[in-house]
Amino acid sequence: AHCPQLMGKNGLPIWEATSSAAYILETYGSIIPQQKVMIETTSYDTISNAYFARTTHADVAGWRNILVVTSEFHMDRSKAIFDWVFSAPPVAMSPYRLSYMTTENIGLSEEAIESRKQHERKGAVNVEQNLSKQYTTLYDIWQFLTQNHDFYSASKLVDKAKKAEDDAEQNRDESSSVLKESYRAK
């Protein structure tokens, strides 16, 4: 979520959800029907992943049994977020039953895993002590995403784009002045 988007040869984004779905279909396609594998490609982080999973799939399709799968180091914060988002009113029909499953922390150094665990602990505390208390309904969470979140607030995204343009222009100016100055060298 916080790295540049991986792009395919066709110029389209390669979403984590698409890669995961491909793995599931290739590995378990004989026992899991293709039409039962759904993906959510709107989110850029865990809060929006929970929000869009609920509003795009669970609420619309009437899903009540939800399995959240993530890395061991990421589970505590993920659980705090999914519990918060899926318990926020209004809850149509019967309540959700959330289950959680971890995957091993493969591919990261011990130092990286420990760093991620510390980051995740802080995030879980923020969700439990602040966000879930301040944004208590699904509408409140939507307001948070669209007004305060770095990846979904229009004003924040516009400001970020302008800053990137200004930074690029400044780098071009500095590069240009260095180039011009090089012609004056003796």
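In case you missed it, the structure is sitting above this.
The structure contained in this document is the topic of the report that follows.

About the criteria used
- Residues numbered from 1 in each chain as written.
- Predicted model: local features only at pLDDT ≥ 70, side-chain atom pairs only at ≥ 80, totals over all residues.
- Heavy atoms only, no water.
- Helix = DSSP H or I, 4+ residues; strand = E, 2+ residues; numbered from the N terminus.
- Rg over C-alpha atoms; globule rule 2.2 N^0.38 Å.
- Buried < 20%, exposed > 50% of the residue type's maximum accessible area, 1.4 Å probe, protein only.
- Contact = heavy atoms within 4.5 Å.
- Areas by Shrake-Rupley, 256 points an atom, 1.4 Å probe, with all protein chains shown as cover.
- Lys, Arg positive; Asp, Glu negative; His and termini not counted.
- Charge placed at Lys NZ, Arg CZ, Asp CG, Glu CD.
- Salt bridge = Lys/Arg side-chain N within 4 Å of Asp/Glu carboxyl O.
- Axes fitted to C-alpha atoms, helices over the stretch in contact; angles between N-to-C directions.
- Parallel < 35°, antiparallel > 145°, perpendicular 65-115°, else oblique.
- Left-handed = near helix turned anticlockwise from the far one by under 90°.
- Nonpolar A, V, L, I, M, F, W, Y, C, P; charged D, E, K, R; others polar.
- Expected span 1.5 Å × (residues − 1).
- Bend = angle between axes of the 7 residues up to and from the residue.

1. Section: the overall build of the protein chain
Part 1: Counting secondary structure elements, the protein chain contains six helices and two strands.
Part 2: Its helices and strands taken in sequence order, the protein chain reads α-α-β-α-β-α-α-α from the N to the C terminus.
Part 3: For the protein chain, the C-alpha radius of gyration of 21 Å lies well beyond 16 Å, the compact-globule estimate for 186 residues.
Part 4: When burial is assessed residue by residue, the protein chain has 26% of its 186 residues classed as buried.
Part 5: Considering only residue pairs separated by 6 or more positions, the protein chain has 64% of its internal contacts joining residues 24 or more positions apart.
Part 6: Accessible area for the protein chain stands at about 13000 Å²; split by element, carbon and sulfur atoms hold 54% of it.
Part 7: Between the averaged position of the 20 positive side-chain charges in the protein chain and that of its 24 negative side-chain charges there is a distance of 2 Å.

2. Considerations on the pattern of salt bridges
Part 1: Going through the model one piece at a time under the given rule, you end up with five salt bridges.
Part 2: Here R54 and D59 are joined by a salt bridge, their closest N and O atoms 3.2 Å apart.
Part 3: In this structure R54 comes out as buried when scored by relative accessible area, which is 0%.
Part 4: Linking E120 and R77 is a salt bridge whose minimum nitrogen-to-oxygen distance equals 2.7 Å. Of this pair, E120 sits in helix α4 (residues 110–134) while R77 sits in helix α3 (residues 75–87); the two residues are 43 residues apart in sequence, bridging distant segments of the chain.
Part 5: Owing to a relative accessible area of 16%, R77 belongs among the buried residues under this scheme.

3. Quick notes on the packing of α3 against α4
Part 1: Taken N-terminus to C-terminus, the directions of α3 and α4 make an angle of 20°; their axes are 7 Å apart at the nearest point. The angle between the axes of α3 and α4 places the two elements in the roughly parallel class. Note that α3 runs across α4; the crossing there is left-handed. When α3 is examined against α4, the residues D76, R77, A80, I81 and W84 are found in contact with a partner set consisting of E120, G123, A124, V127, E128, L131 and S132.
Part 2: Taken together, the residues that form the contact of α3 with α4 break down as six nonpolar, two polar and four charged.

4. Things to note about helix α2 (residues 46–61)
Part 1: Look at α2: 21 Å from first C-alpha to last across 16 residues, which is about the 22 Å you get at 1.5 Å a residue.
Part 2: Helix geometry: α2 is bent most strongly at R54, by close to 40°.
Part 3: Where α2 is concerned, the buried positions are T46, I47, S48, A50, Y51, F52, A53, R54, H57 and A58.
Part 4: Backbone geometry just downstream of α2 places G62 in the positive-phi region, at approximately 75°.

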